[in-house]
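Okay, here's what each chain looks like letter by letter:
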Amino acid sequence: MTNKKVIVIGAGLGGLTAAIKAAKTGCEVVVYEKNDKPGGKAGTVEVDGFRFDSGPTLLTMPFVIENLFKDCGKNIEEYLKLKPLDQSCKYFYPDGTIINAYSDTAKFAAEIEKKTHDKADDVYRFLDYSKDIYDLTADLFLFSQFRGVKSFLNGKALKTLFNLRKIDTSRSMDEAIRSFFKDGRVVQLFNRYATYNGSNPYEAPATLNIIPHVEHNLGAFVPEGGIKSIPEALYKLALELGVSFHFNSVVERIYYKNKKIFSVHVNKHDQFCNAVICNSDVFYAYRNLINLPGSRQKKVHDDDFSSSALVFYWGVKGKHEELGVHNILFSENYYQEFVDIFDRKVTPLDPTTYIYISSKYNTGDAPAGCENWYVMVNAPFNYNQPWKREAEEIREEILLKIERTLNINLRDKIVSERILTPDLIEEQTFSFRGSLYGMSSNGRYNAFLRQRNRSKEVAGLYFCGGSAHPGGGMPLVVLSGMHAADALTEDFNRGLI
Ligand SMILES: Cc1cc2nc3c(=O)[nH]c(=O)nc-3n(C[C@H](O)[C@H](O)[C@H](O)COP(=O)(O)OP(=O)(O)OC[C@H]3O[C@@H](n4cnc5c(N)ncnc54)[C@H](O)[C@@H]3O)c2cc1C
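All of the points below concern the structure found in this document. This is a predicted model, so every value here is computed, not measured.

**Quick word on the site of the ligand**
And step 1. The immediate surroundings of the ligand are formed by 35 residues, with Gly 14, Glu 33, Lys 41, Gly 466 and Met 474 found nearest.
And step 2. Between the ligand and Asn 279, the relevant distance is 2.9 Å, taken from an oxygen atom to a side-chain nitrogen or oxygen of the residue.
And step 3. Starting from 1,000 Å² of accessible surface for the ligand in isolation, the protein chains cover 95%.
And step 4. Elements supplying a minimum of two residues to the shell around the ligand: α1 (13–24), α14 (422–429) and α16 (474–493).

**Focus: the nonpolar core**
And step 1. Val 6, Val 29, Tyr 91, Phe 181, Leu 189 and Phe 190 are the most contacted members of the largest nonpolar core, which has 114 residues in total.
And step 2. The element contributing the most residues to this core is α16, with ten residues.
And step 3. Among the domains, domain 1 (5–40 + 227–300 + 442–493) and domain 2 (109–209) are the pair contributing at least three residues each to this core.
And step 4. Discounting chain neighbours no more than four positions away, the residues touching Phe 181 are Asp 118, Asp 122, Val 123, Phe 126, Val 186, Val 187 and Phe 190.
And step 5. Membership of the second largest hydrophobic core comes to 28 residues, among which are Ile 254, Ile 261, Val 282 and Ala 468.

**Digging into the layout of surface pockets**
And step 1. Its volume calculated, the second largest pocket comes out at about 220 Å³.
And step 2. Around the second largest pocket, the lining residues are Gln 145, Phe 146, Arg 147, Lys 150, Arg 452, Asn 453, Arg 454, Ser 455, Lys 456, Asp 491, Arg 494 and Leu 496.
And step 3. By residue class, the composition of the lining of the second largest pocket is two nonpolar, three polar and seven charged.
And step 4. Each of domain 1 (5–40 + 227–300 + 442–493) and domain 2 (109–209) contributes no fewer than three residues to the lining of the second largest pocket.

**Notes on the packing of aromatic side chains**
And step 1. For the coordinates displayed, the defined rule picks out 37 aromatic pairs.
And step 2. Aromatic pair Phe 108 and Phe 190: ring centres 6.3 Å apart, planes at 75 degrees, arrangement edge-to-face. With Phe 108 in helix α3 (residues 105–115) and Phe 190 in helix α8 (residues 184–191), this pair connects stretches of sequence that are 82 residues apart.
And step 3. The exposure class assigned to Phe 108 is buried, which follows from its relative accessible area of 0%.
And step 4. The class for Phe 190 is buried, based on a relative accessible area of 0%.
And step 5. When the ring of Tyr 235 is compared with that of Phe 247, the centres are 5.9 Å apart and the planes differ by 70 degrees; the resulting orientation is edge-to-face. With Tyr 235 in helix α10 (residues 229–240) and Phe 247 in the loop between β10 (244–246) and β11 (251–257), this pair connects stretches of sequence that are twelve residues apart.
And step 6. Take Tyr 235: its relative accessible area is 23%, and that puts it in the partly exposed class.

**So, the side chain of Lys 5**
And step 1. Here Lys 5 lies in strand β1 (residues 5–9).
And step 2. With residues near it in sequence (within four places) discarded, Lys 5 still touches Glu 28, Val 30, Gln 271, Phe 272, Cys 273, Asn 274 and Ala 275.

**A word on the sheet that holds strand β19 (residues 414–420)**
And step 1. With mixed pairing, the seven strands of this open sheet are ordered in space as β8-β7-β16-β17-β18-β15-β19. Edge positions in the open sheet fall to β8 (98–102) and β19, since each of these has one partner strand only. Sheet twist, expressed as the mean angle between neighbouring strand axes with direction ignored, is 20 degrees.
And step 2. Pairing of strand β7 (residues 87–92) with β8 involves five bridges; the strand directions are antiparallel. The partner of Lys 90 across the bridge, within β8, is Asn 100.

**Some details on the pattern of salt bridges**
And step 1. Going through the model one piece at a time under the given rule, you end up with 23 salt bridges.
And step 2. The residue Asp 183 makes a salt bridge to Arg 185 at a minimum N-O spacing of 2.7 Å.
And step 3. Owing to a relative accessible area of 5%, Asp 183 belongs among the buried residues under this scheme.
And step 4. In this structure, Arg 344 and Asp 340 form a salt bridge, with 2.7 Å as the shortest nitrogen-oxygen distance. Taken together, the residues span about one helical turn, with Arg 344 and Asp 340 both in helix α12 (residues 334–344) at a distance of four residues.
And step 5. Overall, the relative accessible area of 52% leaves Arg 344 in the exposed class.
And step 6. One salt-bridge network, held together by shared partners, links Arg 454, Glu 490, Asp 491 and Arg 494.

**Topic: the side chain of Asn 382**
And step 1. Among the structural elements, Asn 382 can be located in the loop between β18 (370–379) and α13 (387–406).
And step 2. Looking at Asn 382, the relative accessible area reads 7%, which means it is buried.
And step 3. One polar contact links Asn 382 to Trp 387, side chain to side chain, over a distance of 2.9 Å.
And step 4. A distance of 3.0 Å separates a polar atom in the side chain of Asn 382 from a polar atom in the side chain of Glu 426.
And step 5. In contact with Asn 382, not counting residues within four places along its chain, are Trp 387, Pro 422, Asp 423, Glu 426 and Arg 433.

Rules used throughout
Residues numbered from 1 in each chain as written. Predicted model: local features only at pLDDT ≥ 70, side-chain atom pairs only at ≥ 80, totals over all residues. Heavy atoms only, no water. Near = heavy atom within 4 Å. Polar contact = N/O pair within 3.5 Å; in protein donor to acceptor, adjacent residues only side chain to side chain. Areas by Shrake-Rupley, 256 points an atom, 1.4 Å probe, with all protein chains shown as cover. Helix = DSSP H or I, 4+ residues; strand = E, 2+ residues; numbered from the N terminus. Core = buried A, V, L, I, M, F, W, Y, C linked by side-chain atoms within 4.5 Å. Buried < 20%, exposed > 50% of the residue type's maximum accessible area, 1.4 Å probe, protein only. Domains from an automatic or database assignment. Contact = heavy atoms within 4.5 Å. 1 Å grid on protein atoms, 1.4 Å probe; cavity = no way out; pocket = protein on both sides within 12 Å on 5 of 7 lines; lining within 4 Å. Points joined across faces, edges and corners; volume = space filled by probe spheres on them. Nonpolar A, V, L, I, M, F, W, Y, C, P; charged D, E, K, R; others polar. Phe/Tyr/Trp six-rings, centres within 6.5 Å; stacked < 30°, edge-to-face > 60°. Pairing = 2+ DSSP bridges. Axes fitted to C-alpha atoms, helices over the stretch in contact; angles between N-to-C directions. Salt bridge = Lys/Arg side-chain N within 4 Å of Asp/Glu carboxyl O.

So, in structure tokens, the structure goes:
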């Protein structure tokens, strides 16, 4: 496929993956990225000697990235070292309960039995149910491009259709979880997985209960050097494969002629190409980059977007042994949090608070005697709320919560600070409304409404990233980049572009 020129818009994890795969097949690949470095949401914040992963903090399904390197004939170990965590999270509840989510399932199940009114066997039963959903859906919905009805025309897919009851589409996540557990603390722990793709556990279909299998059975990982090592590794591989990058370059327009991709407008010039892989958020792209009047994505309802986040990057004096790498301080009223985020579109006043301290495994991330606290709460997507004021209010609530739950007076210990709000997420990565994962999965059929990796309207146009199939989160956007490049290769081979 030499002489075929492919332009990739955006160097997020999806765009980097697509560029790698397209270059591997022999295309000339050029990436335009509006920021000054690759990574998109998987970025880094450096301030006063502290380093923070700016967005994602926990990697699941590491084999997806491993396979990308394998497909390119490379040994991932030479680029990226992924370490399994002994404990994926430490959960703190308002009543003083602490649950350690050990990666070892037997230890985790024993912990649930010891600290709650549920039994270890309930955990095993639930994780088996979660695995069943994965086994029935992963090949069809994650590891393949979604091709509509055609996707169902094979033996494995038909098996999934015949087992619709098992993939649990008609209950909500919460309803299904309550059928396994009676203790509210355990229900809250498993409901939290809805937030892994920015959804509401009280509305999202129980099929999303696939996520506990991914984290508890397949494992939770962090890379040596922090999450930033992932985009760095992909960038290095892309360069080795001959991909060229232009940073500080905003693509302003995608042009097509006779329903075929023609060029993109960037840096005041039209760049001609045979194909475009768009890693820019699809809702942004349909509104700003390409004029496709009938496109369904243009019509997606405004309320269908996933949640966003408020993140405080705090350089903190002292070491806090009571905390692990990943910690959750739960709220009293979890249901109300999702009403606030999705219905009232305000940041909850008693938000479940996530604390990630990468300096616990990557000591260089904080000066001696200090820690880097990444403190995040779920927030509604950007509706032009007064974010500065909202962040100030929530900051106070979080400090009080940390004092109440952990008995730590953080006020005097914070030596440096940066804040990320949904409007900044939108500005920095062009994510529509600053939502983290494109469309939410709150509706039963939302998964089917995601942008497919191949445009139905224009030949030579492909989509990858969190707002395209199969969705948001690091492993899924890497899969989306692979699917987009695979679709491109198929079309080249069939002479369609
Ligand atoms: C606070 C936060 C916490 C998260 N936590 C986790 C987690 O723990 N685990 C997990 O797996 N995932 C997590 N995620 C989600 C994960 O970060 C994303 O799903 C993933 O990184 C998105 O990758 P992407 O390929 O969709 O592109 P993005 O990261 O959105 O990158 C798109 C890139 O395209 C560029 N771009 C867009 N438009 C243009 C244009 N017109 N011209 C040029 N360049 C353009 C942007 O600048 C950007 O660099 C989190 C995200 C955030 C923000």
